[in-house]
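Structural characterization, general
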Protein chains: 2
Amino acid sequence: MTSGRRGYQQACHVASALDLLGERWTLLIVRELLIGPRRFRDLVEALGGIGTNLLSDRLKRLAEEGLVARRKLPPPASVPVYELTEAGAALEPVLWELVRWGVKTGRDLPSDASYRPTWLVVAMRSLFRPERAEGLDLRLEFRVGEDVFHAVVEGSALVTGLGTIERPDVVVTAAPEIFRRYENGERPEVLAKTGKWKLDGSKRALMRFEKLFAVKASL
Amino acid sequence: MTSGRRGYQQACHVASALDLLGERWTLLIVRELLIGPRRFRDLVEALGGIGTNLLSDRLKRLAEEGLVARRKLPPPASVPVYELTEAGAALEPVLWELVRWGVKTGRDLPSDASYRPTWLVVAMRSLFRPERAEGLDLRLEFRVGEDVFHAVVEGSALVTGLGTIERPDVVVTAAPEIFRRYENGERPEVLAKTGKWKLDGSKRALMRFEKLFAVKASL
DNA sequence: CGGAATCCTCTTCGATACTG
DNA sequence: CAGTATCGAAGAGGATTCCG
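Residues numbered from 1 in each chain as written. Chains lettered and ligands numbered in written order. Predicted model: local features only at pLDDT ≥ 70, side-chain atom pairs only at ≥ 80, totals over all residues. Heavy atoms only, no water.

**Structural notes on the sheet that holds strand S4 (residues 147-154) of chain B**
Two strands in a sheet stick together by hydrogen bonds in their backbones, pointing the same way (parallel) or opposite ways (antiparallel). Residue and element names in this part refer to chain B. Spelled out, the test is: Should DSSP find at least two bridges between two strands, the strands are regarded as paired. Secondary structure elements follow DSSP: runs of H or I no shorter than four residues count as helices, runs of E no shorter than two count as strands, and numbering proceeds from the N terminus. Axis definition: a line fit to C-alpha positions, over the contact stretch in the case of helices; interaxial angles, taken between N-to-C directions, run 0 to 180 degrees.
The mixed open sheet is built from five strands, whose spatial order is S5-S4-S3-S6-S7. In this open sheet, the two edge strands, each paired with only one partner strand, are strand S5 (157-162) and strand S7 (197-201). Direction aside, neighbouring strands of the sheet carry axes that sit 15° apart on average. By the bridge criterion, eight bridges tie strand S3 (residues 137-144) to S4 in an arrangement that is antiparallel.

**As for the protein's contact with DNA strand C**
Test applied: Neighbouring residues are identified by heavy atoms, a residue being near a molecule or strand if any of them is within 4 Å of it. As used in this structure description, the phrase polar contact means that two N or O atoms lie within 3.5 Å; if the pair is within protein, one of them must be able to donate a hydrogen and the other to accept it, and residues adjacent in sequence are counted only when both atoms belong to side chains. Each residue gets one of three labels, nonpolar for Ala, Val, Leu, Ile, Met, Phe, Trp, Tyr, Cys and Pro, charged for Asp, Glu, Lys and Arg, and polar for the others, Gly among them.
Around DNA strand C, 20 residues are found, and the nearest of them are A:Phe40, A:Tyr82, B:Arg24, B:Trp25 and B:Asn53. At 3.2 Å, a side-chain N or O of A:Arg70 approaches a phosphate oxygen of DNA strand C. Its residues assigned to classes, the surface near DNA strand C shows five nonpolar, seven polar and eight charged.

**Brief notes about the relation of the copies chain B and chain A**
Basically, it comes down to this: Superposition of the copies was done by least squares, using only C-alpha atoms of residues whose pLDDT is at least 70 in both. By definition in these notes, contact holds between two residues if any of their heavy atoms fall within 4.5 Å.
For the pair chain B and chain A, the relating rotation is 180°, the translation along its axis is 0.0 Å, and the fit reaches an RMSD of 0.0 Å. Here the symmetry operator amounts to a two-fold rotation axis. Rotation axis and chain B: the residue whose C-alpha lies nearest the axis is B:Val94, separated from it by 2.9 Å. Looking at the interface residues of chain B, 100% of them are also at the interface in chain A, so both copies use one shared face.

**Quick look at the pairing of strand S3 (residues 137-144) of chain A**
The side chains of a regular strand alternate, first on one face of the sheet and then on the other. All names here are of chain A. The following threshold applies: Relative accessibility thresholds used throughout: buried, under 20% of the residue-type maximum; exposed, over 50%; partly exposed, between the two (1.4 Å probe, protein chains only).
S3 sits mainly inside the fold: six of its eight residues count as buried. Joining the antiparallel neighbours S3 and strand S4 (residues 147-154) is a turn of two residues, in which Gly145 adopts a positive phi near 60°. As defined by bridge partners, S3 adjoins strand S6 (residues 170-174) across five bridges and the pair is classed as parallel. Bridge assignment links Arg143 to a residue of S6, and that residue is Thr173.

**Focus on the protein's contact with DNA strand D**
Lining the immediate environment of DNA strand D, one finds 18 residues, of which A:Arg24, B:Arg39, B:Thr52, B:Ser56 and B:Arg70 sit closest. A share of 77% of the atoms of DNA strand D within 4 Å of the protein falls on sugar and phosphate groups. Interatomic distance of 2.6 Å between a side-chain N/O atom of A:Trp25 and a phosphate oxygen of DNA strand D. Contact between DNA strand D and B:Thr52: a base oxygen at 2.5 Å from a side-chain N or O atom of the residue. The set of elements that each furnish at least two residues to the surface near DNA strand D consists of helix H4 (52-64) of chain A together with helix H3 (40-46), helix H4 (52-64) and strand S2 (80-84) of chain B. Per-element accounting of the surface near DNA strand D gives the leading share, four residues, to H4(B). In terms of residue class, the surface near DNA strand D is made up of five nonpolar, five polar and eight charged.

**Some points on the pairing of S6(A)**
All names here are of chain A. Of all five residues that make up S6, four are buried, and the element is covered over most of its length. The sheet contact formed by S6 and strand S7 (residues 197-201) spans five bridges and is antiparallel. Counterpart to Val171 in the pairing with S7 is Asp200.

**Side note on the nonpolar core**
Spelled out, the test is: Here, the term nonpolar core denotes a set of buried Ala, Val, Leu, Ile, Met, Phe, Trp, Tyr and Cys residues that are joined through side-chain atoms within 4.5 Å.
Within the largest apolar cluster, 72 residues are counted, with the highest numbers of intra-cluster contacts made by A:Leu21, B:Val14 and B:Leu21. With residues near it in sequence (within four places) discarded, B:Val14 still touches A:Leu28, A:Arg31, A:Leu95, A:Leu98, A:Val99 and A:Val122.

**Examining the environment of B:Leu55**
Residues and elements named next belong to chain B. Note on placement: Leu55 falls in helix H4. With relative accessibility at 0%, the residue Leu55 sits in the buried group. Distance in space between the C-alpha atoms of Leu55 and Phe40 is 8.2 Å, their sequence separation being 15 residues. Apart from the residues lying within four places of it in its own chain, the contact partners of Leu55 are Ile29, Phe40, Leu43, Val44, Leu47 and Ile50.

**Observations regarding helix H2 (residues 26-34) of chain A**
All names here are of chain A. Counting buried positions along H2 gives nine out of nine residues, so the element sits mostly inside the fold. Among all positions of H2, only Thr26, Leu27, Leu28, Ile29, Val30, Arg31, Glu32, Leu33 and Leu34 are buried. Positive backbone phi, approximately 150°, marks Gly36, located one or two places after H2.

**Some details on the sheet that holds strand S5 (residues 157-162) of chain A**
All names here are of chain A. Taken in spatial order, the five strands make up an open sheet running S5-S4-S3-S6-S7, and their pairing is mixed. Taken across any chain shown, the strands that pair with only one partner, and hence form the sheet edges, are S5 and S7. When the angles between neighbouring strand axes are averaged without regard to direction, this sheet yields 15°.

**Side note on the interface of chain B and chain A**
Just so we agree on the cut-off: We define buried area as the total accessible area lost by two parts upon association, computed with a 1.4 Å probe and summed across both. Counted as salt bridges are all cases of a side-chain nitrogen of Lys or Arg within 4 Å of a carboxyl oxygen of Asp or Glu.
Listed as interface residues are 50 residues of chain B and, on the opposing side, 51 residues of chain A. Of the roughly 4600 Å² buried between chain B and chain A on both sides combined, carbon and sulfur atoms contribute 66%. One can count two salt bridges joining chain B with chain A. Counting the contacts that link chain B with chain A gives 18 residue pairs in polar contact (both at pLDDT 80 or more). Among the elements that line the side of chain B that touches chain A, the one with the most residues is helix H6 (residues 92-104) of chain B, at 10 residues.

**Details of unusual backbone geometry**
Residue and element names in this part refer to chain B. Of note in this structure, Gln9 is not a glycine but carries a positive phi near 55°. For Trp25, which is not a glycine, the phi torsion comes out positive at approximately 80°. For Trp25, the location among the structural elements is in the loop between helix H1 (13-21) and helix H2 (26-34).

**Brief notes about the domain arrangement of chain A**
All names here are of chain A. We apply this condition: Note that domain bounds follow an automatic or database assignment of domains.
We note that the domain assignment places domain 1 (13-90) and domain 2 (117-218) within chain A. If you average the C-alpha positions of domain 1 and of domain 2, the two centres end up 27 Å apart. Across the boundary between the two partners, domain 1 contributes five residues, which contact five residues of domain 2. Across the domain 1/domain 2 interface, buried area totals approximately 460 Å², and carbon plus sulfur atoms make up 72% of it. Its largest share of buried area at the contact with domain 2, domain 1 owes to Arg31, Glu32 and Ile35, together 78% of the area lost on that side. Between domain 1 and domain 2 we count zero salt bridges in total. There are one residue pair in polar contact (both at pLDDT 80 or more) connecting domain 1 and domain 2.

Have a look at this one:
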């Protein structure tokens, strides 16, 4: 079965990478794991109904290729989880560029589609501009519908996570459909008029937020 | 049949982009067109035996979505060609990151695979570091096997093309399999020992070349 | 009960033949 | 040359079964 895999057989890194990553679901599995280790069941739910056989196949392949590791959480949890290796996590820039392309070219997210807070974390990471963050510090909390996540800018690094954060400089509160419009590139001033988008923080902090996370016009 | 398309239905730019680009061959078609307009037949050959029905389907879809335009070359040529629109060309960073990921993580290109000079152009564009090119000028010619292409660095911009160039500062001459090893991240010093890799140019120009085009260690 | 293999149906792919 | 049509093969989706 070793040679039974379809491949492009081209001496090109694009084709070679796509041989591994180009199958359906694969990059979305990477997206989920970028936020942190996940259990098999969590992945099934997050991906919205991938067949368990496919997920099993994909994880096996990614593990073979060294992008994903299967690990057992230490006791007392002792449950198996999947997590990205360094090589797997190195794919993040690929996902960033997909997001940035979508925003830049104005491709609207479907309004009838499902959404997960972790995807918003990925989106914010994609839109972050480290080259503008030189020496700036900023602590952000996002409250989208029932979901809360945060981002911390330190120097030119960005750390993100689910849940609240201590002493935020900026708190973004938005309804999910409004946050989707933010991801579609609409300016905060416009969103504010809906009454379902609110930015709390000092003027200075709010300006930094706008500067550090690009939307359409500035990509 | 309008809704007969399989999609992820997720409010996430990664998933949304992949709905369009994630099918087999699609991103490789974009890769080909990044180098310039191509005829249908050229694409079939460059892609190494894609079914003409699939190529037809993909081009149709890409045209619908505004990433590709079908155009007729002005007389006397008067032949139809496909070319990227601005939105299509905006995908280039996605391909860059795929190449950089492959190099960075040391994924070797298959040695028995086909290769095309245009892929080498894409590779060099991917490895170019504009942030290190500040104010530098450099004219490069690459001779790989029978194929010749060039790159011109001006300011922090890079322009590439097939064929020779006037007054090159650096000429890289390599056998195809050695150039593949360069793409795999091997250092020029090592490649030089094979006798099938040669760099011509002033010491200053050669240093610039190494600085402006990253290989594994410095990505 | 979570994790993964199996089975069956449907869609997509790939190769070639065919038409304007 | 530029595609369209056709058809067997491979892959995807979904439900169910097996296993620890």
